[in-house]
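Chains, contacts and geometry: an overview
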Amino acid sequence: MSSEPVFSHEAMNTTFTLRISGESEKQAAGVARECFEHLDYLEDKLSRYREGSDVWQINHLAAGESLFLSEPCYDCLRLAMEATSATGGLFDVTLGRSIEYAKGAGEGPAPELHGSLMLDPEKPCVHCMAEGREIDLGGIGKGFALDQMKGLLLDWGIESALLAAGASTQLAMGPRAWQVSLTGDRGSLSFPLKNAALSASGLGIQGSHILAPDGSAPEYAFKRVWVSLASAALADAWSTAAMLMNPPTLMELLPPDALYMFENEKGHGGNFPASS
C-alpha cells in the first residue's frame, strides 16, 4: 500500500486527485496547490457553463463573428480537431446543444445539427461561419487538464506522480509503475500504468450522452472501453469516440501505440497486459 498523501480538488464537475512520489509532504502540498490553482484557471477558460469563459463566448458568437482565444483553449481545441480527424469524425466537440438535450435540459424535439465553426490554423482565433454549433469539451477537457498539470509538475522537477480526474481518466508520469484498476461489470483487472494515461468511458459513465455526430441514435457495441495513450487528452477523446465504434473499427482506427480493453456482453477484448 502506497504511503503518499492524496491531494484532491473539485473542478470540472469531478474530483481531481494528485499523488506525488519521492517528495516531502510539505513540498508535495505546495506543488499540489499550484496545480489546482491552474486547474481552476483552466475551468474558467474551458467550461461552457462559466459565463465569460472562452467556450461560453464561442457558443454565443453570431455568424461572421470571431473570437481570440486563450492559449489553453486554443490548444485544447486543436487537440480536439486532431481527435476528430483520427476517429473518422466520431469525436466531435461541437455537439453542445445536442448533449444538453440528451441530458434532459432541453424541451421539445431534438435540436437539428447545423452551423459551422472554424478554428484558425495560424492564430489563436475561432470563427463562426454559421450559427448552430456549440462547443462542449466534456470528452477531452479533463484529460487536457491532467496533461497541463503534468507540465507544471515537470517544471517543479517532480519525477513521479499519479494524477486522476475522477474515475474516468488517470495519468502516470515518471519511472514508477502505478497499479490502477479497470473495473467493469465482470469484475476488476489490475494494470501497471507507467508514463501514460488511461481513460474509461461506458454506459455507466454517462454513456447515453455520447452522441453520434450525424444525429443518428447510437447502438453501443461496448458496455465500457478503456484506452491508454501518452496524452491524457487524446486518451480521453479516444475512449469517448470508441463507444460509437464496433470492435473491428476500433482496432482499425486506434493509434498503433494505444492499449485498449473493452467489455461487452461476450466478455472482454483488447490488448491490455492486464492480470486479475
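This report concerns the structure included in the present document. Think of each chain on its own: its residues are numbered from 1, step by step along the sequence as written. The model is predicted, so local features are restricted to residues of pLDDT at least 70 and side-chain atom pairs to those at 80 or more, both for listing and for counting; the totals for chains, interfaces and linings are taken over all residues. To get the side-chain values, all heavy atoms of the structure are used, and hydrogens and water are removed first.

Starting at the N terminus, helices and strands are each numbered in turn, a helix being any DSSP run of H or I of at least four residues and a strand any DSSP run of E of at least two. Positionally, Asp 120 belongs in the loop between strand 4 (116-119) and strand 5 (125-130). Residue exposure (1.4 Å probe, protein chains only): buried if accessible area is under 20% of the type maximum, exposed if over 50%, otherwise partly exposed. With a relative accessible area of 7%, Asp 120 lands in the buried category. Only heavy atoms enter the contact rule, under which two residues are in contact if any of them lie within 4.5 Å. Setting aside anything within four residues of it in sequence, one finds Asp 120 in contact with Tyr 74, Cys 125 and His 127. At 2.9 Å, the side chain of Asp 120 forms a polar contact with the side chain of His 127. N or O atoms closer than or at 3.5 Å make up a polar contact, with two conditions inside protein: a donor-capable atom paired with an acceptor-capable one, and, for residues adjacent in sequence, both atoms drawn from side chains.

A few words on the sheet that holds strand 4. Strands in a sheet are paired, the pairing made by backbone hydrogen bonds, and the direction either parallel or antiparallel. Spatially, the 3 strands line up as an open sheet ordered 3-5-4, and their pairing is antiparallel. Of all the strands in the sheet, the pair left with one neighbour each is strand 3 (66-68) and strand 4. Averaged over all neighbouring strand pairs, the angle between strand axes comes to 20 degrees, with direction disregarded. The pairing criterion for strands is at least two bridges between them, as found by DSSP. The convention used is that axes are lines fitted to C-alpha atoms, helices contributing only their stretch in contact, and that angles between N-to-C directions extend from 0 to 180 degrees.

Take helix 5 (residues 141-155) next. Any helix carries an expected span of 1.5 Å times its number of residues minus one. Helix length check: helix 5 (15 residues) gives 21 Å between terminal C-alpha atoms against 21 Å at 1.5 Å per residue, within 8%. Inspection of helix 5 places Gly 141, Lys 142, Gly 143, Phe 144, Ala 145, Leu 146, Met 149, Leu 152 and Leu 153 among the buried residues, and these make up the whole buried set. Once helix 5 ends, the next one or two residues include Gly 157, with phi positive near 80 degrees.

The next point concerns the environment of Ala 177. If you trace the backbone, Ala 177 turns up in the loop between strand 7 (169-173) and strand 8 (178-184). A relative accessible area of 40% places Ala 177 in the partly exposed class. When the C-alpha positions of Ala 177 and Asn 195 are compared, they lie 7.8 Å apart, and in sequence the two are 18 residues distant. Setting aside residues no more than four positions away along its own chain, Ala 177 makes contact with Pro 192, Leu 193 and Lys 194.

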